Structure formats: C-alpha cells, structure tokens
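# Residue-level structure breakdown
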Amino acid sequence: MDAILVVGGAGYVGSHACKALALAGYKPVTLDNLRTGHADAVKWGPLVEADFGDVETVRQTIREHGIVAAMHFGALSLVAESVAEPARYYANNVSGTLRLLEALGAEGVGRIVFSSSAAVYGEASGEPIPEDAPLNPINPYGETKRVIEGALRFIGQAQGLAWCALRYFNAAGADEAGEIGERHEPETHLIPNVLKAVRAGRPVKLFGSDYPTPDGSVVRDYVHVADLADAHVAALKFLAGGGESQPMNLGSGEGLSVKQIVAAAERVLGHPIPAEMGPRRAGDPPCLVADPTRAKHRLHWAPSRSHVDTLIRTAQAFEATRG
Ligand SMILES: NC(=O)c1ccc[n+]([C@@H]2O[C@H](COP(=O)([O-])OP(=O)(O)OC[C@H]3O[C@@H](n4cnc5c(N)ncnc54)[C@H](O)[C@@H]3O)[C@@H](O)[C@H]2O)c1
C-alpha cells in the first residue's frame, strides 16, 4: 500500500482526498497544523500535527511512513484576509511551501499534486479559461499560488520532482455518505452560506446585481469536492506513469450565477429563500468558468457529481449532521 503525504488533509478538500486515496488503495498520511482544519475530519489514516514548513518533522514523517508522493492542500485561502495581511500569506503559502519542497527533495520524494486555484487568472474575459490564459492574480492569495506554480517548474526540474498544479474553480458539496464536508470559519463560500442562512432563519446576503452577466450576479464554475478528490488520485497515477508536469484546470466547464444557485437551493429544499442584495464585493471578477478539456483528456477525469442539485443536496445533508 503506497503511503501518500496529504499536507492539509484535515481541511475541506484534503479530507475528501484522503477518503478517495483510501478507496483507491493508498494510505493517506495527513500532516496538518489544524489552523483551519479539523482533527475529526482525518478518518482514513494517521494525523501528524505539524506545520508543513517544519522541515525536520516533514522529513521524519516521510521516513517513518515510507511516503512515495505528496498532495499539498495546505494554505491560507481567504482572499480578503490576504489583502489585509499579505505577509502572512507569503510566509505560509510561499515560504512554508518552499520548505516543504526542500524536505521532499531531501528525502527523494519524486511526485507532488499541488492545490492551485482559478485565482491565478485574475480578471478573466468571460469565456471558458484554458490553462495557457495569462496569469494575472489580483490579490495576494492568487499571487502565492502563481509563485508556487513557478517554483514547482524550476525546483521540480532541478530536484527531479514531477508535479501537477490543479487549478480548482469553486469547490462545493460534501461527501455523499455525509462523513465529511465543508467547515470553514469564517465561511466565504456561497452554498454553505445559503444553507446556514436558511438554518438560522435569516435572509442570505448576496453581493452585486449589476455585473455584466445575464442576470447581473457573478458567474462561477462549481465542481463537487469528491470530483476534485478523484482528480487528485488520477493526477497521482498520471505522474507515476511518467505524465508531464503541468497545470490543469478542474471545473465543470459550466457557469452558474449566484441567483441561479439560490434558485437551485429553493428547488432542492422545496421552499423560497429570502435574499438581501448588497453592493459588489471588491475583487470579484464577473465570470470565472473553466475549460477543463486538459484534465479530461490527460487524467481521463470527468466530474460526475457536479450537477448543482447534487452540490446542494450533499452540502445540505452534511450541514444537517452538524446539529
Ligand atoms: N475550497 C475551494 O473552493 C478552493 C478553490 C481553489 C483552491 N483551493 C485551494 O485548495 C486547498 C484546500 O482548500 P480548502 O478549502 O480545503 O481549505 P481548508 O482551509 O479547509 O484546508 C487547508 C488545510 O491546510 C492546513 N494548513 C494551512 N496552513 C498550514 C501549515 N502551515 N502547516 C500545516 N497545515 C496547514 C489547514 O489547517 C487546513 O486543514 C487550499 O490550498 C486552497 O487554497 C480551494
């Protein structure tokens, strides 16, 4: 059973990846400092509570568990916070990751799958975005992802480290069995916030109704977290089979507006959801939709749970388990 180091495996996407790895016959070894993650989300392998910038502990973990490859989900990832505290974002997401790469190199780990983001593209044209679109991040969070993609290119080459940078669009939904789900604090993502507002019996806050989109609200590409997890396992196999190091978009390829998501939630939950429309949020591009052709061809991956009703149904089922 190959052991995989899952950095940030106590978080939302990382915990779903641990489950997918276990189902595919790997042993996920989570390394997480629990800053935004949850120890009780680590259910499919051991948890090493540590910072990924702690070279000695990472090296020791690699040796102890016979790690053959890594997945790196660990990051601070709140856009507004990154604007307010850029140095903290560079320190964690960039400096910490460089130390993680150093530890992998020192122990001869030769493969890594890195969580990048659509935030590397910045303001996009409105058309589905291919991987060779210009990278123009408009906030420190997106910039830290762009910097690490560049570091992977050069350090990977020098160190013999094969890599995939998976640029997720909007992760959503929860484990079909309800074992894990989205638990960010604060929560900035639309679907959990709609569900939280419904639970609390208050109107959901929406931002901006005057964007140049068909209904005036922003359009995003939502992809189910378990589909993302499957893509990570596929990327690991792709690299093990000698696949070329590269970035790949992970999205459904379909755009849905904020208003369409709320309408879908009304349909799935079976009742109206009152909404309060506020002004635009700074730094929100009108439309971000993936062109996921590359991942489809090279990873033989296709999202199978990313229909909006499934996103909402699984997120709601998880939310309901939380008491
Ligand atoms: N959720 C999304 O929609 C989305 C979209 C695009 C990209 N991403 C990226 O995917 C990754 C996972 O996102 P998520 O939503 O699961 O976030 P998350 O906050 O739930 O998970 C991140 C995990 O990393 C851990 N971590 C952070 N810094 C650490 C450090 N220095 N040492 C050890 N552990 C550390 C946290 O404790 C947490 O468990 C992130 O890199 C994020 O930037 C997420």
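These numbers were taken from a predicted model, which means no experiment stands behind them.

## Description of the sheet that holds strand β12 (residues 256-257)
If you walk across this open sheet you meet the 3 strands as β12-β9-β14, and the pairing is mixed. At either end of the open sheet lies a strand with only one pairing partner, and these are β12 and β14 (287-288). As paired strands, strand β9 (residues 219-220) and β12 are joined by 2 bridges and run antiparallel to one another. Each residue of the ladder has a partner; that of Arg-220, found in β12, is Leu-256.

## Topic: the packing of helix α4 (residues 86-106) against helix α5 (residues 140-159)
At a closest axis distance of 10 Å, the pairing of α4 and α5 adopts a crossing angle of 20°. If you check the angle between α4 and α5, you find them roughly parallel. The two elements α4 and α5 cross, and the hand of that crossing is right-handed. Along the contact surface, α4 presents Pro-86, Tyr-89, Tyr-90, Asn-93, Val-94, Thr-97, Leu-98, Leu-101, Leu-104 and Gly-105, while α5 presents Pro-140, Tyr-141, Glu-143, Thr-144, Val-147, Ile-148, Ala-151, Leu-152, Ile-155 and Gln-159. In the contact of α4 with α5, the residues fall into 14 nonpolar, 5 polar and 1 charged.

## Notes on α4
For α4, with 21 residues, the first-to-last C-alpha span of 29 Å sits near the 30 Å given by 1.5 Å per residue. Within α4, the full set of buried residues consists of Tyr-89, Asn-92, Asn-93, Val-94, Gly-96, Thr-97, Leu-100, Leu-101, Ala-103 and Leu-104. Its buried side turned inward, α4 meets β1 (3-7), α2 (55-65), β4 (67-72), α3 (79-84), β5 (111-117) and α5. Two residues or fewer past α4, Gly-108 is found with a positive phi of approximately 70°.

## Side note on the pairing of β5
For β5, a buried count of 7 out of 7 residues is recorded, marking the element as mostly surrounded by other parts of the structure. A two-sided burial pattern is seen for β5, the buried positions comprising Arg-111, Val-113, Ser-115 and Ser-117 on one face and Ile-112, Phe-114 and Ser-116 on the other. Sheet topology note: the β4/β5 ladder contains 3 bridges and is parallel. When the bridges of β5 are listed, His-72 appears paired with Phe-114. Summarising the sheet, β5 and strand β6 (residues 162-168) pair through 7 bridges and their orientation is parallel. Residue pairing for β6: Ser-116 is matched across the bridge by Arg-167. Considered for its hand, the β-α-β crossover made up of β5, α5 and β6 is right-handed.

## Brief notes about the packing of aromatic side chains
Any two aromatic rings considered together are summarised by their centre-to-centre distance and by the angle between their planes. All told, the structure shown has 1 aromatic pair when counted by the stated rule. The aromatic ring of Tyr-211 is capped on one face by Arg-280, whose charged end is 4.2 Å from the ring centroid.

## Examining α5
Compared with the 28 Å implied by 1.5 Å per residue over 20 residues, the 27 Å span of α5 between its first and last C-alpha is a close match. Turning to α5, its buried residues number three or more, namely Pro-140, Tyr-141, Gly-142, Glu-143, Thr-144, Lys-145, Ile-148, Glu-149, Ala-151, Leu-152 and Gly-156. Close packing links the buried residues of α5 with α3, α4, β5, β6 and β11 (246-250). Downstream of α5 by one or two residues, Gly-160 has phi in the positive range, about 70°.

## A word on the side chain of Asp-175
Relative to the assigned elements, Asp-175 resides in the loop between β7 (170-172) and α6 (190-200). Polar contacts involving the side chain of Asp-175 include one to the side chain of Lys-19, which spans 3.0 Å. Apart from residues lying up to four places away in sequence, Asp-175 is in contact with His-16, Lys-19 and Ile-180.

## With respect to the state of the cysteines
Per the stated rule, a full pass over the model turns up 0 disulfides. Summary of cysteine pairing: Cys-18 is not part of a disulfide, and the nearest cysteine sulfur, belonging to Cys-164, is at 18 Å.

What counts as what
Residues numbered from 1 in each chain as written. Predicted model: local features only at pLDDT ≥ 70, side-chain atom pairs only at ≥ 80, totals over all residues. Heavy atoms only, no water. Pairing = 2+ DSSP bridges. Helix = DSSP H or I, 4+ residues; strand = E, 2+ residues; numbered from the N terminus. Axes fitted to C-alpha atoms, helices over the stretch in contact; angles between N-to-C directions. Parallel < 35°, antiparallel > 145°, perpendicular 65-115°, else oblique. Left-handed = near helix turned anticlockwise from the far one by under 90°. Contact = heavy atoms within 4.5 Å. Nonpolar A, V, L, I, M, F, W, Y, C, P; charged D, E, K, R; others polar. Expected span 1.5 Å × (residues − 1). Buried < 20%, exposed > 50% of the residue type's maximum accessible area, 1.4 Å probe, protein only. Right-handed = clockwise from strand over helix to strand, strands pointing away. Phe/Tyr/Trp six-rings, centres within 6.5 Å; stacked < 30°, edge-to-face > 60°. Lys NZ or Arg CZ within 6 Å of the ring centre and 35° of its normal. Polar contact = N/O pair within 3.5 Å; in protein donor to acceptor, adjacent residues only side chain to side chain. Disulfide = S-S within 2.5 Å.

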